[in-house]
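Each chain, written out:
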Amino acid sequence: MFLLRNIKTIKVVRDTYNMYKHVIYGDFECKNLHELCSLLDPLVIKFLKRIKELDWKGYQLWTHGSILSTRQAQDIDLTIVGPNKPARINYLLEQCVKIGFDLFMQVDIKYLVNGELYDHTKGIPVTQTLAHYRPEIWINGTTHRYAHRQRGLWVTERKYPMTKSKYSPHPPKQLI
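(A) Representation of the overall build of the chain within the structure. Regarding its fold elements, the chain presents 2 helices and 15 strands. The burial tally for the chain puts 46% of its 176 residues in the buried class. In the chain, 62% of the contacts between residues at least 6 apart in sequence involve partners at least 24 apart. Counting only carbon and sulfur atoms, one obtains 52% of the accessible surface of the chain, whose full area is about 9,500 Å².

(B) Broad picture of unusual backbone geometry. Residues other than glycine seldom take positive phi values, yet Ser 38 does so here, at roughly 80°. Overall, Ser 38 belongs to the buried group, its relative accessible area being 6%.

(C) A look at the sheet that holds strand 14 (residues 153-160). With mixed pairing, 7 strands are arranged side by side in an open sheet as 13-14-10-9-8-7-15. A strand with exactly one partner marks an edge of an open sheet, and here the two such strands are strand 13 (148-150) and strand 15 (173-174). Looking at chain direction, strand 8 (residues 75-81) and strand 9 (residues 106-114) are connected through 6 bridges and run parallel. When the bridges of strand 9 are listed, Asp 75 appears paired with Gln 106.

(D) Region of the structure containing the confidence of the model for the chain. On average, residues of the chain score 86 in pLDDT, and 85% of them are at 70 or above. Low pLDDT (under 50) marks residues 1-16, which in the prediction has 35 contacts with non-local residues, meaning those over four places away or in another chain.

(E) Broad picture of the environment of Asp 108. With respect to the helices and strands, the residue Asp 108 is situated in strand 9. Overall, the relative accessible area of 23% leaves Asp 108 in the partly exposed class. Residues Asp 108 and Val 97 lie 11 residues apart in sequence; the distance between their C-alpha atoms is 7.7 Å. The residues touching Asp 108, leaving out its near neighbours within four places in the chain, are Asp 75, Ile 76, Asp 77 and Leu 78.

(F) Region of the structure containing the side chain of Lys 110. By the secondary structure assignment, Lys 110 is in strand 9. Look at Lys 110 and you get buried, because its relative accessible area is 3%. A polar contact of 2.7 Å, which involves the side chain of Lys 110, links it to the side chain of Asp 108. Not counting residues within four places of it along the chain, the set of residues in contact with Lys 110 comprises Leu 78, Thr 79, Ile 80, Leu 93, Leu 130, Ala 131, His 132 and Arg 158.

(G) Focus on the nonpolar core. One finds Phe 47, Ile 76, Ile 80, Met 105 and Ile 109 to be the most contacted residues of the largest nonpolar core, which totals 40 residues. If near-sequence neighbours (up to four positions away) are discounted, Phe 47 is found in contact with Ile 76, Leu 78, Cys 96, Ile 99, Gly 100, Leu 103, Met 105 and Val 107. Counting 5 residues, the second-largest nonpolar core is a separate cluster that includes Leu 112, Val 126, Leu 130 and Tyr 160.

Calculation rules
- Residues numbered from 1 in each chain as written.
- Predicted model: local features only at pLDDT ≥ 70, side-chain atom pairs only at ≥ 80, totals over all residues.
- Heavy atoms only, no water.
- Helix = DSSP H or I, 4+ residues; strand = E, 2+ residues; numbered from the N terminus.
- Buried < 20%, exposed > 50% of the residue type's maximum accessible area, 1.4 Å probe, protein only.
- Contact = heavy atoms within 4.5 Å.
- Areas by Shrake-Rupley, 256 points an atom, 1.4 Å probe, with all protein chains shown as cover.
- Pairing = 2+ DSSP bridges.
- pLDDT = per-residue confidence, 0-100.
- Polar contact = N/O pair within 3.5 Å; in protein donor to acceptor, adjacent residues only side chain to side chain.
- Core = buried A, V, L, I, M, F, W, Y, C linked by side-chain atoms within 4.5 Å.

Okay, here's the thing in structure tokens:
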């Protein structure tokens, strides 16, 4: 079905647009993910309400990327900032991914191990060390391996701006 949402009134006019994308990420699998349409999207609002029920004491949650615009997004990009406690971080990463899959939406969440959040409006390049829920994701038959194990976390290094950063020239927004 096609996306027919009125993001000004936050009403779902019809049904959500389903991407025919088969994803396996760690313990979770989904064959029918929804595209998203800004932080005002009713599905995103429901997701944020559920993750706010988790224990975030001492941690911040930031969003960035195309979800901050009004164009369609295939996922919501999130970054956790706070103390490096691997058990707690892995729990938050896993729970956010699980809640996303429960709602048929893809959640691209990471923990900022080292570096600063990238702010496109400032244009200052940054290098980040990020921790992920798992070291790889399988999408439509292709495995994307990007992380290695380090001190109890699945980590990778990324440099910003990325080529696609120009499509969402917004500063990161704190959610929690």
